[in-house]
Amino acid sequence: MEQPYVNIKTENKIASIEFFHPAHNSLPGDLLAKLANTITEAGNNDEVNVIILKSGGDRTFCAGASFNELISINDAETGKVFFSGFANVINAMRKCPKFIIGRIQGKTVGGGVGVASATDYCMATKFASIKLSELNVGIGPFVVGPAVERKLGLSAMSQIAIDANSFYEAEWARQKGLYNQVFDSLEELDEAVQKFAENLCNYNPEAMKEMKKVFWSGTENWDELLAERAVISGRLVLSEFTKNTLKRFE
């Protein structure tokens, strides 16, 4: 079985950050922490003008948080720390002074939708359907909600959060503003992402940095907001309802 990893490769001012976990790229706490740190480091590196964020494998971009870790939460503090994992990644992406291009090759669920939403420009294949499944297991998309709402708007975010059992097609996600472009194949996606990143490297890094600040204005309170949201999820995951629901998945 392949080992989980977070890798970074920097070439010609483009940093490609790739994460992987054999369980459909679901992310445990240690991998989320490493991903957040890697994004922050790339953002602070003068040799980097633009970041590509992607995952390994060809089926699933990210299946959200690690289910095994979720099931093992037994107290509020552990719950808060667990749900802060995606909060820290989203905040690292938000504060990163470089544009982050998302390369979404396949299905993305829960926290994965939050990560895709926190990219600055997102490109996907037609296989990259999305689902906010949190309500399904007795919690809600509290931590990723602000990022998803910022991209899709409150109406579309509410729709997929309430309809927690349904996958929404990549074309729907494009129409709602999550994906900027959708491609028929992985090869076309990779070619387009590379070309787009190379093109961005021709622009003034200072201008891009200032643009990024403008695009994310109004989110300055997210450190506190997402921490508060993590506490809500941490509390709900301990409820009898959620514990019983999770048992069905064991």
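Up top you'll find the structure we're talking about.
Conventions we followed
Residues numbered from 1 in each chain as written. Predicted model: local features only at pLDDT ≥ 70, side-chain atom pairs only at ≥ 80, totals over all residues. Heavy atoms only, no water. Pairing = 2+ DSSP bridges. Helix = DSSP H or I, 4+ residues; strand = E, 2+ residues; numbered from the N terminus. Phe/Tyr/Trp six-rings, centres within 6.5 Å; stacked < 30°, edge-to-face > 60°. Buried < 20%, exposed > 50% of the residue type's maximum accessible area, 1.4 Å probe, protein only. Lys NZ or Arg CZ within 6 Å of the ring centre and 35° of its normal. Contact = heavy atoms within 4.5 Å. Axes fitted to C-alpha atoms, helices over the stretch in contact; angles between N-to-C directions. Core = buried A, V, L, I, M, F, W, Y, C linked by side-chain atoms within 4.5 Å.

Enquirer: Is there a simple way to think about the sheet that holds strand E4 (residues 60-62) in this case?
Expert: Strand pairs in the sheet, formed through backbone hydrogen bonds, run parallel or antiparallel to each other. As summarised here, the arrangement of the three strands in space is E4-E6-E8, forming an open sheet in which the pairing is parallel. Unpaired on one side and paired on the other, E4 and strand E8 (130-131) mark the two borders of the sheet. Where strand E6 (residues 107-109) and E8 come together, two bridges link them in parallel fashion. Bridge pairing in E8 links Val109 to Lys131.

Enquirer: Is there a simple way to explain the packing of aromatic side chains in this structure?
Expert: To describe a pair of aromatic rings, one takes the distance between the centres and the angle between the planes. Summed over all chains, the structure comprises seven aromatic pairs. The interplanar angle of 20° and the centroid separation of 6.2 Å between the aromatic rings of Phe99 and Phe215 together place this pair among those described as stacked. Placement of Phe99 in strand E5 (residues 99-104) and of Phe215 in helix H8 (residues 205-215) is noted, with a sequence separation of 116 residues between them. Assessed through its relative accessible area of 45%, Phe215 is described here as partly exposed. Ring plane angle 25° and centroid distance 4.2 Å describe the contact between Tyr121 and Phe196, whose orientation is recorded as stacked. Here the residue Tyr121 occupies a position in strand E7 (residues 121-125), and Phe196 occupies one in helix H7 (residues 186-200), the gap between them amounting to 75 residues. The lysine or arginine in question, Lys107, covers the ring of Phe167, its NZ or CZ lying 4.4 Å from the ring centre.

Enquirer: It is not clear to me how the side chain of Ser16 should be interpreted in this structure. Could you clarify?
Expert: Secondary-structure assignment places Ser16 in strand E2 (residues 14-20). Residue classification places Ser16 among the buried positions, given a relative accessible area of 15%. If near-sequence neighbours (up to four positions away) are discounted, Ser16 is found in contact with Asn7, Ile8, Lys9, Ile52 and Lys54.

Enquirer: How should the sheet that holds strand E3 (residues 50-55) be read in this particular structure?
Expert: Strand order in the open sheet formed by six strands is E1-E2-E3-E5-E7-E9, with mixed pairing between adjacent strands. What marks the edges here is a single partner per strand, and that holds for strand E1 (5-11) and strand E9 (181-183). Direction aside, the axes of adjacent strands within the sheet are offset by 20° on average. Pairing between E3 and E5: four bridges, direction parallel.

Enquirer: For this particular structure, what's the right way to read the pairing of E2?
Expert: On a regular strand, each side chain points to the face opposite its neighbour's, so the side chains alternate between the two faces of the sheet. Of all the seven residues making up E2, six are buried; the element is thus mostly covered by neighbouring parts of the structure. In the sheet, E1 pairs with E2 via seven bridges, with the strands oriented antiparallel. Looking across to E2, one finds that Lys9 is bridged to Ser16. In this antiparallel pair of consecutive strands, E1 and E2, the connection spans two residues, and Asn12 shows a positive phi of 50°. Where E2 and E3 come together, six bridges link them in parallel fashion. Each residue of the ladder has a partner; that of Ile14, found in E3, is Val50.

Enquirer: I tried to follow the nonpolar core on my own but got confused; where do I start?
Expert: Most often, soluble globular proteins keep nonpolar side chains buried together rather than apart. With 62 residues, the main nonpolar core has Leu35, Ile39, Phe83, Ile130 and Tyr179 as its most contacted residues. With eight residues, helix H3 (residues 76-95) is the largest single contributor of residues to this core. Every residue in contact with Leu35, bar those within four places of it in the chain, is listed here: Val6, Ile17, Phe19, Leu27, Leu53 and Val89. Counting 14 residues, the second-largest nonpolar core is a separate cluster that includes Ile14, Val50, Ile52 and Val193.

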